[in-house]
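Spelled out from the first residue to the last, the chains are:
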Amino acid sequence: MDTHETPVITAKGLELWYGSAQALRNVDIDIPERKVTALIGPSGCGKSTFLKTLDRMNDLVPGVTIKGSVRYRGQEIYSPEVDVTWLRKQIGMVFQKPNPFPMSIYDNIAYGPRTHGIRNKAKLDEIVEKSLRGAAIWDEVKDRLRKSALSLSGGQQQRVCIARALAVEPDVLLMDEATSALDPISTSKIEELIEDLKNSYTIVIVTHNMQQATRISDKCAFFLLGELIEYGDTDQMFSVPRDRRTEDYITGRFG
Amino acid sequence: MSSQSSPAQAARPGVKKKGFRERLELLMNAIFFLCGAVAVAFVLFISIYLIVSGLPAIREIGLIDFLFGERWASTAKDPAFGILPFILTSVYGTAGAIVVGVPVGFMTAMFLSKISGKKTAGVIRTAVDLLAGIPSVVYGLIGMTVLVPAVRVAFDLASGACLLAAIVVLAVMILPSIISVSETALNAVPKEYEEASLALGATEIETYFRVSAPAASSGIAAAVVLGIGRAIGEAMAIMMVAGNVANMPSLFASVRFLTTAIASEMSYSSGLQRQALFSIALVLFLFIMIINVALNVLLKKSRKEG
Amino acid sequence: MRPEKKSAGRVAYDRVLRALLYFCALLTCALLVLLIGYIFYRGLPNVTWQLLSTQESFRNDTIGILPNILSTLLLIFGTLLLVLPLGVGAAIYLTEYARNKRVVEVIEFATETLTGIPSILYGLVGMLFFCLALGWGSSIRAGILTLVIMTLPTIVRTTQESLKTVPQSYREASLGLGSGKWHMVRTVVLPCSVDGIVTGCILSIGRIVGESAALLYTAGSAGILSRNLLQALESSGGSLTVALYMYSMERGEIEVGFAIASILMILTLLINLSAKFLGAKLKKN
């Protein structure tokens, strides 16, 4: 399937348990480069859990067990030689609720580069501007970079969070329902932004919103009860779903 | 009341009872209000008492001579009542205790809040509570019998009872308050901040020190201010280790704090000397009130953030 | 793609800080263990029946701290007897009766201020007012009244906290049945918050047992048995802490000091454990 695209991330036989409850069952998936891949499915279906396995944010959950393989550009990410900080620098994440640090806008964006060892002021200024432009919020905040990021509106905060993720120059961006806490106008701004970003980044989003998935994603993966039911081109999945359960879900019969 | 035929009559006792109940309610309301008012009365009483008894000596000695005089010789033929040595000793002693105690307390709080498992944290918290419960004279006794001789030997002094010994004792004594207030502040840091930092490729330790600690800064500041209040108000423990001579402060000099200046002469003082002690108490009280206000402001701010 | 490792600087930062965290936590615990160990090591051998059961006798050249134990007990009971109704009443006013927010703020500010005042100042004001102005001299009753002012905030705060945990629905249910506010407080709210009030008492006892500066100049430092309660209240009596101070500082009887310190430590342990036990029980409800 889709052999002409180079997969950036490949999961094979991925299984995950929280304690004794299984949250992912035998997931196989190839995530293509510079495309938007949407993960959809009802609440608790495992889509967010799967997203978090990709940058190992599940490591933080106590009692979690992971089996199977996840490769990022050929590198097995759960192998002991992988430094999780390197992985998370390559694979950025934007969360459901905007979570800027209680610091200035500038310090928020500079946090990642500083962590990874950039101290040069001119270089940091450059990165901050580039990232904020990349997240389409530079014009709105350029005059108040020293103000607290918490003074911004929810939509602006979320774009600052995206800029913050871009500042460490990631390869892949994971977005966990990044617009679900926002108003429609902010949502459409972020959707436009995602359209832009996919020219330079591989993007994986989790969304509850079917319209959003059809609007912005190239590929779509439908999860149900921890299983990957169907995976393919978004257009095709929403017009001629292969599986009954997918059809039931996208036509709103459950979930 | 045998007949219930007339509703007006039947209602009567009810009305009467209500009247009694209303009066009881008013009475209880008044009693409870008085209980609450007593706390305010106590504060006013203490403030007024300290001001009224503290002012005469200041007026007699002169505010500048009193606050900035470097010589305290209350029982000399030509007495001098300058309390600068006490003020500076209290300030230096407190600062020293903060410099030693805050890093240890903050680090312990960080360990409790972020690193340790539930069980270990429970054990350490019990230890911290116990440290807080140890009476100050017990700290003083240990300081006097262990620390003071150790300081004397280590620095080759004539006597180990000095500012340094007092600083160490104070640092240990303020540790519990610093730990518990900082831990509360660190626990209140939203998990989202830490997740965001980790997702950017920061390590856990980097996250705790560069995101969690700044996010909890008002609470940690409150912990420091609380520590200052505790240290500046402590009397008995440092009475037993600081030597109690009215010197200008230096690390190895025998010194007197504001608190110990009051305590050490109270039992035999009279006249202007005694009134000057009240004035010292007034100065200490002003320090404490400023610290209290700062503490309240910081705690409110930190609760808002958390 | 080959994964990169963190820079040496970052690894060092991580390791050093992590080590410091463990070190400081360990230091805090070690301090406690060493303190308790040393006190018991030097003090327990000197805790004899004679010490506990007699008063000092110059004729026999013996030291006994029975009067100090009794003074401490008297201070505890006397203080609680007075501060409990006062503190619980104030807490009830704050949580159940007060309608004016400003009044609540003023009272809460006052109790917070009382918490912050150092005990030496309580001792001074207590001495000035009770011992001198009222002419009581150094006496247990002056000590008790000074302690009442000191412990009031503790009782108010713990009672307030437990009153706040009583579900609003209980109050509504009681008021809905037609009972008055006082009846509601007495029959519904107070019984639910007994645990919190008891915790407040234990914390206050801890404060009283450990207090010295406020007592030295109010209750005095005498160690003589009184014939009856009234006489005891009117005469000077040093608490255990004051006795510790007197024996070790003024008299150079360090071993007696350590013996008293071990007794104080045992009391502190008991008080802390019971507070902890009650706190856990409180949380469960």
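Quantities reported herein were computed from a predicted structural model and do not represent experimental measurements.

**Q** How do you make sense of the overall build of chain A when you look at a structure like this?
**A** For chain A, the helix and strand inventory stands at 10 helices and 10 strands. C-alpha atoms of chain A, sized along the principal axes, occupy 55 × 45 × 35 Å. A buried classification covers 57% of the 255 residues belonging to chain A. Accessible surface, chain A: about 10700 Å² in total, of which carbon and sulfur atoms supply 49%. Here chain A contributes 33 positive and 35 negative side-chain charges, whose respective centroids are spaced 5 Å apart.

**Q** Where do I start with helix α6 (residues 154-166) of chain A in this structure?
**A** All names here are of chain A. Spanning 13 residues, α6 covers 18 Å between terminal C-alpha atoms, matching the ideal 18 Å at 1.5 Å per step. The buried fraction of α6 amounts to 12 of the 13 residues, a majority that puts the element mostly inside the structure. Residues of α6 that are buried: G155, Q156, Q157, Q158, R159, V160, C161, I162, A163, R164, A165 and L166.

**Q** Explanation requested: the nonpolar core in the structure shown.
**A** It is characteristic of soluble globular proteins that their nonpolar side chains tend to be buried jointly. Counting 233 residues, the largest nonpolar core has F50 of chain A together with I280 of chain B as its most contacted members. It is helix α6 (residues 163-187) of chain B that contributes the most residues to this core, 16 residues altogether. In contact with F50 of chain A, not counting residues within four places along its chain, are A11, L14, L24, V27, I29, I31, L39 and F223 of chain A. If you look at the next biggest cluster of nonpolar residues, it comprises 46 residues, including A38, V94, A165 and I203 of chain A.

**Q** Would you mind showing me how to read the interface of chain A and chain C here?
**A** Quoted interface sizes are often the accessible area lost when the parts come together. Across the contact, 12 residues belong to chain A and seven residues belong to chain C. Area buried by chain A at its contact with chain C is led by E81, D83 and W86 of chain A, which between them contribute 51% of it. Linking chain A with chain C are one salt bridge. Residues D83 of chain A and K6 of chain C are paired through a salt bridge, measuring 3.2 Å at the closest nitrogen-oxygen approach.

**Q** Got a minute to help me understand the side chain of T159 of chain C in this structure?
**A** Along the chain, the position of T159 of chain C falls in helix α6 (residues 140-165). Apart from the residues lying within four places of it in its own chain, the contact partners of T159 of chain C are V88, A91 and I197 of chain C.

**Q** Got a minute to help me understand the pattern of salt bridges in this structure?
**A** Pairs may arise between side chains of opposite charge once their charged atoms sit close together. Considering all chains together, one arrives at 25 salt bridges over all chains under this definition. For E96 of chain C, the salt bridge is made with R171 of chain C, and the minimal N-O distance between the two is 2.7 Å. With E96 of chain C in helix α3 (residues 66-97) and R171 of chain C in helix α7 (residues 168-176), this residue pair connects regions lying 75 residues apart in the sequence. Each member of the pair, E96 of chain C together with R171 of chain C, is buried. Among the charged side chains, a network of salt bridges with common partners joins E33, R73 and D171 of chain A.

**Q** So what exactly am I meant to see when it comes to the interface of chain C and chain B here?
**A** Tallying the contact residues gives 77 residues for chain C and 79 residues for chain B. It is L21, T28 and W182 of chain C in chain C that bury the most area against chain B; as a group they hold 9% of the surface buried on that side. At the boundary of chain C and chain B, one finds 12 residue pairs in polar contact (both at pLDDT 80 or more). Among the elements that take part in the side of chain C that touches chain B, helix α1 (residues 8-43) of chain C stands out by supplying 19 residues, more than any other. Of the residues that constitute the side of chain C that touches chain B, the class distribution is 53 nonpolar, 16 polar and eight charged.

**Q** Which parts of the structure should I look at to understand α3 of chain C?
**A** Helical geometry note: an α-helix holds 3.6 residues per turn, so side chains three or four residues apart project in the same direction. A rise of 1.5 Å per residue sets the reference length of α3 of chain C, with its 32 residues, at 46 Å; its end C-alpha atoms lie 45 Å apart and thus fit the reference within 8%. Taking the largest bend as the criterion, α3 of chain C deviates by roughly 35 degrees, centred on V83 of chain C, and proline P85 of chain C comes between one and four positions later.

**Q** Hey, could you run me through a nonpolar patch on the surface in this one?
**A** On the surface, L70, L73, F77 and L225 of chain C cluster together into a nonpolar patch covering about 370 Å² of accessible area. Relative to the helices and strands, L73 of chain C resides in helix α3.

**Q** Which parts of the structure should I look at to understand the pairing of strand β9 (residues 219-224) of chain A?
**A** Two faces, one strand: in a regular strand the side chains alternate between the faces of the sheet. Residues and elements named next belong to chain A. Most of β9 sits out of view: six of its six residues are buried. Because side chains alternate across β9, one face comprises the buried residues K219, A221 and F223, and the other comprises C220, F222 and L224, equally buried. Both strand β3 (residues 36-40) and β9 contribute to a ladder of four bridges, which runs parallel. Bridging from a neighbouring strand, I40 pairs with F222 of β9. Of the strand pairs in this sheet, β9 and strand β10 (residues 227-233) are connected by six bridges, and their pairing is antiparallel. Bridge pairing in β10 links F222 to E230.

**Q** Whenever I open this one, the environment of L197 of chain A confuses me. Can you help?
**A** Along the chain, L197 of chain A turns up in helix α7 (residues 184-197). For L197 of chain A and S20 of chain A, which are 177 residues apart along the polypeptide, the C-alpha to C-alpha distance reads 38 Å.

**Q** Explain the pairing of strand β4 (residues 64-72) of chain A to me, please; I cannot follow it from the model alone.
**A** Residue and element names in this part refer to chain A. Pairing geometry for strand β1 (residues 7-18) and β4, over eight bridges, is antiparallel. By the bridge assignment, K12 is partnered in β4 with S69. Looking at chain direction, β4 and strand β5 (residues 75-76) are connected through two bridges and run antiparallel. In the strand pairing of β5, R71 is matched with E76. Between β4 and β5, which pair antiparallel in sequence order, lie two residues; one of them, R73, sits at a positive phi of approximately 45 degrees.

**Q** So what exactly am I meant to see when it comes to the domain arrangement of chain B here?
**A** Residues and elements named next belong to chain B. For chain B, the assigned domains read domain 1 (7-61) and domain 2 (68-305). If you look at the interface, domain 1 gives 12 residues, while domain 2 gives nine residues. Contact with domain 2 buries area across many residues of domain 1, yet L50, A57 and I61 alone supply 44% of it, more than any other trio. In this assembly, domain 1 and domain 2 are joined by one residue pair in polar contact (both at pLDDT 80 or more). For the side of domain 1 that touches domain 2, the class distribution of residues is eight nonpolar, three polar and one charged.

**Q** Looking at this structure, how should I read the environment of L267 of chain C?
**A** All names here are of chain C. Residue position: L267 is located in helix α13 (residues 254-284). Taking the relative accessible area as the measure of exposure, L267 reaches 29% and is therefore partly exposed. In this structure the C-alpha to C-alpha distance between L267 and G206, which are 61 residues apart in sequence, comes to 8.2 Å.

**Q** Could you clarify how one ought to interpret the side chain of R171 of chain C in this entry?
**A** The exposure class assigned to R171 of chain C is buried, which follows from its relative accessible area of 8%. If we skip the residues at most four places from it in the chain, R171 of chain C touches E96, L163, V166, M184 and V189 of chain C.

**Q** Help me understand the packing of aromatic side chains in this model?
**A** Any pair of aromatic rings gets described here by the distance separating the centres and the angle formed by the planes. Inspection of the entire model under this criterion finds 18 aromatic pairs over all chains. With a centroid separation of 4.8 Å and 80 degrees between ring planes, the pair formed by F45 of chain B and F129 of chain C is classed as edge-to-face. Separated into two different chains, F45 of chain B in helix α1 (residues 7-61) and F129 of chain C in helix α5 (residues 119-133) make up a pair that spans both. For F45 of chain B, a relative accessible area of 23% gives the class partly exposed. Note on F129 of chain C: relative accessible area 23%, which makes it partly exposed. Pairing Y49 of chain B with F129 of chain C gives two aromatic rings, centres 5.9 Å apart and planes at 90 degrees, and the pair type is edge-to-face.

Here is what the cut-offs are and how they apply
- Residues numbered from 1 in each chain as written.
- Chains lettered and ligands numbered in written order.
- Predicted model: local features only at pLDDT ≥ 70, side-chain atom pairs only at ≥ 80, totals over all residues.
- Heavy atoms only, no water.
- Helix = DSSP H or I, 4+ residues; strand = E, 2+ residues; numbered from the N terminus.
- Buried < 20%, exposed > 50% of the residue type's maximum accessible area, 1.4 Å probe, protein only.
- Areas by Shrake-Rupley, 256 points an atom, 1.4 Å probe, with all protein chains shown as cover.
- Lys, Arg positive; Asp, Glu negative; His and termini not counted.
- Charge placed at Lys NZ, Arg CZ, Asp CG, Glu CD.
- Expected span 1.5 Å × (residues − 1).
- Core = buried A, V, L, I, M, F, W, Y, C linked by side-chain atoms within 4.5 Å.
- Contact = heavy atoms within 4.5 Å.
- Buried area = accessible area lost by both parts, 1.4 Å probe.
- Salt bridge = Lys/Arg side-chain N within 4 Å of Asp/Glu carboxyl O.
- Polar contact = N/O pair within 3.5 Å; in protein donor to acceptor, adjacent residues only side chain to side chain.
- Nonpolar A, V, L, I, M, F, W, Y, C, P; charged D, E, K, R; others polar.
- Bend = angle between axes of the 7 residues up to and from the residue.
- Patch = residues over 30% accessible without salt bridge, like charges linked within 9 Å, V, L, I, M, F, W, Y side chains within 5 Å.
- Pairing = 2+ DSSP bridges.
- Domains from an automatic or database assignment.
- Phe/Tyr/Trp six-rings, centres within 6.5 Å; stacked < 30°, edge-to-face > 60°.

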